[in-house]
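Chain by chain, the residues:
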Amino acid sequence: MARIQDDYLGWQSLPRELLDREVEYFRLTEADVAAIQTSSFTQRFHIALGVQLAFLRLTGCKLERLDVVPKPILQLLASQFGLRAPQIGSLKVLYRRRQTLWAQQAWVMDRLGFRSHERREELQLMEFLREACRGTSSTDRLLQAAFAWFYDRKLIIPAESAVRDLAVRAMKDMDHWIYMEIRKAVPEKQIEEWYRWLMEKRPDQNTMLAWLQEPPGKRTQDNFNEINSKIETLKAIGVADVDLSKVPRERAEIFFRTVQTYRPSQLRTMADTNRAMHIVCFLRAVLGRLTDVIIKQVADTTTNIYTRAMGAVRENQPNTITEYRRVIKSFVDLIKHGDITDPRVQSQLKDMANAQDTAGPKSRAEEVRTQITSGADPRPRKLLRKLLELDIQGPDGDSTLANLSKIGQLYEKSKYDLPKRKFDVPSVWDKDVNQEADREKAMHAFEFSVLSEIRRKLRAGACWIDTSGDHRNPDEMLISPELWKKAKRGHYDRLRLPLDSHEFLGPIKKLAEARVLEVAEKVKAGEIKIKNDKLVYPQVKADNLVGGKQKIARDHVIRALPEAQLPDVLLFVDQHTHFSSKLLGRPARTENELKLCYAGLLALGTDMGAAGVAKMIPGITEEQVANVVRTLQRETTLAKANQAVLLHYKKLPFAAASGDGTSAAADMMSMQSSPTLWNSRVDYRRRTASIGIYDHILDNRAYAYSQPHVLNNRQVGVAIQGVIMQTDVPIHLLAVDTHGYTDVGMGFAKGLGFDLCSRIRDMKDLDLTMPRGFDVPEVLKDVVTCGVNESFIHEQWDEFVRVCASMGNATCSAVTILERFGSAAKGNPTYLAAKHLGRLQRTIFLCDYLLNEDFRREINRLLTQVENSHRLKRAIFYGPLAPDKGRDKDEMIAISGALNLLANILQYWNAVHLEVAVEAVEKQGIQVNDAARASISPSRFRHLNLRGRFDFPISKYAGLLREHSGRTEAFR
């Protein structure tokens, strides 16, 4: 968990200038002042002792140099001790005898409980650093992690050079271990052959490396074939046979992202062992990602086939209705105007009756299946041929895989009519497959039934592909059963879940019963209505708008906001939050390095790109900016920088007026993109090709988390993932709209420790669902069902917690898991446990929504707030996504992260200056109450210039650059 102190850990001396806010960190508590005054040291040492104590508490280091102590610190401590602030020279004179300094440092260490580390603790640190190496390849980040490790254990942080040596050793140990694991999986000769193959030129004069680095293009048959060609090529050289299950997934991803942005010349300059690790992980990751793209495109095309068939049925439906009307009219006319006893009339009636389908009208689903089996669409056969090339695996005796194998055998023999025998297919396809006389039609039905079942089982994890990244064996994606057996008690404790499911479910049942009985009482009293066997949910009343004098005060505050240029905003916020040190892994050393850091952030988070940013910032080139962008994409630094800004933003008075950050809302905005991107979809509102950006906005309006998501897909997985990633202040309530809700999602959210609350579109159509055996009040008989089966939850409790723990510790993302446990997983025991728990949670939510007007208004406020917050991001990313951007998943994650960080930076600047504006307005005699404060959003941007020539007056902002200590620059 991030802390403000983390920015200062490891400092060995004080800088010449500090911000007023930073000076406050040196304020002593009353207990500290009393302890110093009653110590054995005379009064002339009290201020120096206070500096030593505050410095150790803030940085974890002993202060050896007192020749640079900012005057504001001396003045602050002097006021606390009631003394006159000394000059710098007098502090140095105090420590002419080193024994005096050592005695005071020993007293301070004893006061704060710090001590020097021992040999055994150094060994423990090495183990910690080796484990930390799994998620980073940056020595600077290991250094910061080591500083935090010392501080958390109240151990004095040694000299930076000593800690850096340990970090370098840990990194070398981890790299050696990874290299040996890779060597076990791949012979050295094979790696050398792969390296030579990557350097080979293709007919278009590009290397094989450049060919593999090219991300997937638009959804066309040519690109589909290109992806298949890459997969077949990688399989042919043996990449599919490589088992990297023991290599840390995070490091393998870093190796992949590194090579993904490298030119062939950069790969040549790498050391042999380093190059071997990068090449193997790169090739294996490329194979996995391309396989995932194929599976995704097969799933999307299968859905498109069904949608088109449905469209054709709907178009033909009016003709069918017209034909029925014509037949009925013919019968009626014949009966009305003819003699029913006339044999000729009777004969005509019989002929008309015989011409009709005695089975009656078909259902729409039957009509769709008939349309699919007509054979008019050739795509199912093409998709099955692609699936046959993938090594799809599943449980022994799986009927769908057996059917896929039979189709492959028929294709090999060029047979396209289905043999007349019984095939094991879903019951809805039995008539079209096993009873259809036309065996060519039966073949079309058999093909689509197998295709749709493969799609469903791959989504649910009932079938898998070992070479895939997101569709691997489910046991490999979750915490392994062996590891779970050893460490599950710790996971239960971390999730705060009891080992006995009855302890967990009992309070939830009691709460649901109490809420339902309360609703029954309100119905009897006439306060809640039931109409047409449905509960009537009251409309949400809008929050009271600020009016009168407070509206005038609000307008005065907004007008008092100063105008600013984007460079000044970046520098101001960086001075307060040190977000650039998170991006770099350490504080910047030179002005050029800092400007390049900002340039890379702007190139990723705006529509300007590297070329546009280089034109706006004098003294830097497009190639330098592009290099920074690649560096930011390789390491997951944007999220850490965003957390640093969030941590400081939450402490601002203006942010606190809106909320404490423990509740949030999530919603998706669309970012216009090129239609050539394989993961773009048409935004039904804007009617343009777009990629979704799913945002989590805290109740204090801060942007907590952002991630890309495919439009028109269920959003419950990304909703839960955003809460998991917010670690600084736990979120207890997340408001979402209909797209972010499923019963299964509500169940897993409860297991993870928060409530998922959805403003469901057709809320009135949902029943209150209670456990079986519940005595339903008579007045609620029409709106309460007893469909919750507690046995599902009790029997699958341990497996349910294993899935929650796998999401909570990032073994697998919530997006992937919720896709596995979507509607395609019907019948899965864990799915049923989560669904029935979610139904119970949904009942509690619906009752609260009925009974509590404040709760309704809060949910509505949060969702309105997140929808309004999209305006700021659209102002920052004004134009569409460039055609060459966002084609790779990692690049899209970096773009959404950079945009999130920039939005928080602007909000932080606004929140600080809004507080200044309030003070200025109140000095004019205009009072601004809490309601007026809360009504002013810090997401406004019209007073900020976000475009133009960017000049960075770095010298005006103290504390942004740190003196050089022998480290190399982050960006060259």
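Predicted, not measured: the structure shown is a model, and the values here were computed from it. (Residues numbered from 1 in each chain as written. Predicted model: local features only at pLDDT ≥ 70, side-chain atom pairs only at ≥ 80, totals over all residues. Heavy atoms only, no water.)

## Overview of the overall build of the protein chain
So, step 1. Looking only at helices and strands, one finds 41 helices and 14 strands in the protein chain.
So, step 2. The C-alpha atoms of the protein chain give a radius of gyration of 33 Å, which matches the 30 Å a tight globule of 972 residues would have.
So, step 3. The principal-axis extents of the C-alpha atoms in the protein chain amount to approximately 130 × 80 × 60 Å.
So, step 4. Burial analysis of the protein chain (972 residues in total) assigns 53% to the buried set.
So, step 5. A separation threshold of at least 6 residues defines the contact pool for the protein chain, and within that pool the share at least 24 residues apart is 76%.
So, step 6. Within the structure as shown, the protein chain displays about 45000 Å² of accessible surface, and the carbon and sulfur contribution to it stands at 50%.
So, step 7. One way to put it: in the protein chain the 142 positive side-chain charges average out to a point 3 Å from where the 123 negative ones average out. (Helix = DSSP H or I, 4+ residues; strand = E, 2+ residues; numbered from the N terminus. Rg over C-alpha atoms; globule rule 2.2 N^0.38 Å. Buried < 20%, exposed > 50% of the residue type's maximum accessible area, 1.4 Å probe, protein only. Contact = heavy atoms within 4.5 Å. Areas by Shrake-Rupley, 256 points an atom, 1.4 Å probe, with all protein chains shown as cover. Lys, Arg positive; Asp, Glu negative; His and termini not counted. Charge placed at Lys NZ, Arg CZ, Asp CG, Glu CD.)

## As for helix α19 (residues 399–412)
So, step 1. In this model α19 runs 20 Å from its N-terminal to its C-terminal C-alpha over 14 residues, within 8% of the 20 Å that 1.5 Å per residue would give.
So, step 2. Within α19, the full set of buried residues consists of T400, L401, N403, L404, I407, G408, L410 and Y411.
So, step 3. The inward-facing, buried residues of α19 abut α18 (379–389), β1 (392–393) and α21 (439–460).
So, step 4. One side-chain oxygen at the N-terminal end of α19 lies 3.1 Å from the backbone nitrogen of T400; it belongs to D398.
So, step 5. Two residues or fewer past α19, S414 is found with a positive phi of approximately 55°. (Expected span 1.5 Å × (residues − 1). Polar contact = N/O pair within 3.5 Å; in protein donor to acceptor, adjacent residues only side chain to side chain.)

## A look at unusual backbone geometry
So, step 1. For H578, which is not a glycine, the phi torsion comes out positive at approximately 60°.
So, step 2. Tracing the backbone through its elements, the reader meets H578 in the loop between α26 (566–577) and α27 (579–584).
So, step 3. Its identity is not glycine, yet R701 carries a phi of approximately 80°, on the positive side.
So, step 4. Tracing the sequence through the fold places R701 in the loop between β8 (688–698) and β9 (703–709).

## A short note on the packing of aromatic side chains
So, step 1. In the structure shown here, the tally under the stated rule is 18 aromatic pairs.
So, step 2. Between F504 and W797 the ring centres are 4.9 Å apart and the planes differ by 35°, which places this aromatic pair in the tilted class. Of this pair, F504 sits in helix α24 (residues 501–524) while W797 sits in helix α36 (residues 797–808), and the two are 293 residues apart along the sequence.
So, step 3. On the accessibility criterion, F504 (11% relative accessible area) is buried.
So, step 4. Residue classification places W797 among the buried positions, given a relative accessible area of 3%.
So, step 5. One cation-aromatic arrangement involves R202 over W211; the distance from NZ or CZ to the ring centre is 4.2 Å.
So, step 6. In this arrangement the basic side chain of R385 is found over the ring face of Y411, its NZ or CZ atom lying 4.5 Å from the centre. (Phe/Tyr/Trp six-rings, centres within 6.5 Å; stacked < 30°, edge-to-face > 60°. Lys NZ or Arg CZ within 6 Å of the ring centre and 35° of its normal.)

## As for the packing of α18 against α21
So, step 1. Across the interface, α18 lies against α21 with an axial gap of 10 Å and an inter-helix angle of 50°. One element, α18, and the other, α21, form an angle in the oblique class. Our pair here, α18 against α21, has a crossing hand that is left-handed. Only M443, H444, E447, F448, V450, L451 and I454 of α21 make contact with α18, whose side of the interface consists of P380, R381, L383, L384 and L387. (Axes fitted to C-alpha atoms, helices over the stretch in contact; angles between N-to-C directions. Parallel < 35°, antiparallel > 145°, perpendicular 65-115°, else oblique. Left-handed = near helix turned anticlockwise from the far one by under 90°.)

## Focus on α36
Quick reminder: α-helices carry 3.6 residues per turn. Residues three or four places apart thus point the same way.
So, step 1. Helix length check: α36, at 12 residues, gives a terminal C-alpha distance of 16 Å against a target of 16 Å (1.5 Å per residue), a fit within 8%.
So, step 2. Counting buried residues in α36 gives 9 out of 12 residues, a clear majority hidden from the surface.
So, step 3. When we look at burial in α36, the residues that qualify are W797, F800, V801, R802, V803, C804, A805, S806 and M807.
So, step 4. A positive phi of about 65° marks A810, the residue just after α36.

## Quick look at the pairing of strand β6 (residues 663–672)
So, step 1. Where burial is concerned, most of β6 is hidden: 9 out of the 10 residues are buried.
So, step 2. Of the strand pairs in this sheet, β6 and strand β10 (residues 733–737) are connected by 3 bridges, and their pairing is parallel. Following the sheet pairing, A665 is matched in β10 by A735. (Pairing = 2+ DSSP bridges.)

## Looking at a negative patch on the surface
So, step 1. A cluster of acidic side chains, namely D243, D391, D466 and E476, defines a negative patch on the protein surface.
So, step 2. Structurally, E476 can be placed in helix α22 (residues 474–477). (Patch = residues over 30% accessible without salt bridge, like charges linked within 9 Å, V, L, I, M, F, W, Y side chains within 5 Å. Salt bridge = Lys/Arg side-chain N within 4 Å of Asp/Glu carboxyl O.)

## Overview of the domain arrangement of the protein chain
So, step 1. Structurally, the protein chain comprises domain 1 (1–112) and domain 2 (119–182).
So, step 2. Placing the centre of domain 1 and that of domain 2 at their C-alpha centroids yields a distance of 29 Å.
So, step 3. With 15 residues of domain 1 at the contact, the number on the domain 2 side is 12 residues.
So, step 4. Across the interface of domain 1 and domain 2, roughly 910 Å² is buried in total on both sides, 57% from carbon and sulfur atoms.
So, step 5. Counting the contacts that link domain 1 with domain 2 gives 0 salt bridges.
So, step 6. For the side of domain 1 that touches domain 2, the elements supplying multiple residues, two or more each, are α3 (46–59) and α6 (98–112).
So, step 7. Per-element tally for the side of domain 1 that touches domain 2: the top contributor is α3, with 4 residues.
So, step 8. Residues that form the side of domain 1 that touches domain 2 fall into these classes: 6 nonpolar, 5 polar and 4 charged. (Domains from an automatic or database assignment. Buried area = accessible area lost by both parts, 1.4 Å probe. Nonpolar A, V, L, I, M, F, W, Y, C, P; charged D, E, K, R; others polar.)

## Thoughts on the environment of A931
So, step 1. With respect to the secondary-structure elements, A931 resides in helix α41 (residues 930–934).
So, step 2. Judged by its relative accessible area of 47%, A931 falls in the partly exposed class.
So, step 3. For the pair A931 and Y741, spaced 190 residues apart in sequence, the C-alpha separation works out to 31 Å.

## A word on the pattern of salt bridges
So, step 1. For the structure shown, the criterion picks out 45 salt bridges.
So, step 2. Here D493 makes a salt bridge to R489, at a shortest N to O gap of 4.0 Å. Separated by 4 residues within a single helix, D493 and R489 lie in helix α23 (residues 481–495), roughly one turn from each other.
So, step 3. Residue class for R489 comes out exposed when judged on its relative accessible area of 53%.
So, step 4. What emerges from the salt-bridge pattern is a single network uniting R115, E118, R120 and E121.

## Let's talk about the pairing of strand β11 (residues 755–759)
So, step 1. Sheet topology note: the β10/β11 ladder contains 5 bridges and is parallel. Counterpart to V736 in the pairing with β11 is S758.
So, step 2. Once you follow β10 into helix α34 (residues 743–751) and on to β11, the crossover reads as right-handed. (Right-handed = clockwise from strand over helix to strand, strands pointing away.)

## Overview of the side chain of D432
So, step 1. Along the chain, the position of D432 falls in helix α20 (residues 427–434).
So, step 2. Those residues in contact with D432 that lie beyond four places of it in its chain are R369, A442 and A445.

## Comments concerning the environment of G469
So, step 1. Within the secondary structure layout, G469 lies in the loop between β2 (464–465) and α22.
So, step 2. Apart from residues lying up to four places away in sequence, G469 is in contact with R249, G288, D292 and M477.

## Things to note about the packing of helix α38 (residues 829–851) against helix α39 (residues 853–876)
So, step 1. Put simply, α38 and α39 touch, their axes get as near as 5 Å, and they point 105° apart. As the angle between them shows, α38 and α39 are arranged roughly perpendicular. Between α38, through F845, D848, Y849, L850 and L851, and α39, the contact on the second element is made entirely by E853, F855, R856 and I859.
So, step 2. Among the residues making up the contact of α38 with α39, the classes are represented as 6 nonpolar, no polar and 3 charged.

## Comments concerning the confidence of the model for the protein chain
So, step 1. Here the protein chain averages 85 in pLDDT, while 93% of its residues score no lower than 70.
So, step 2. Per-residue pLDDT, averaged within each element of the protein chain, yields its smallest value for helix α5 (residues 88–94) (64) and its largest for helix α35 (residues 790–795) (94).
So, step 3. Contacts for the low-pLDDT stretch residues 963–972, under 50 throughout, to residues beyond four places or in other chains number 25 contacts. (pLDDT = per-residue confidence, 0-100.)

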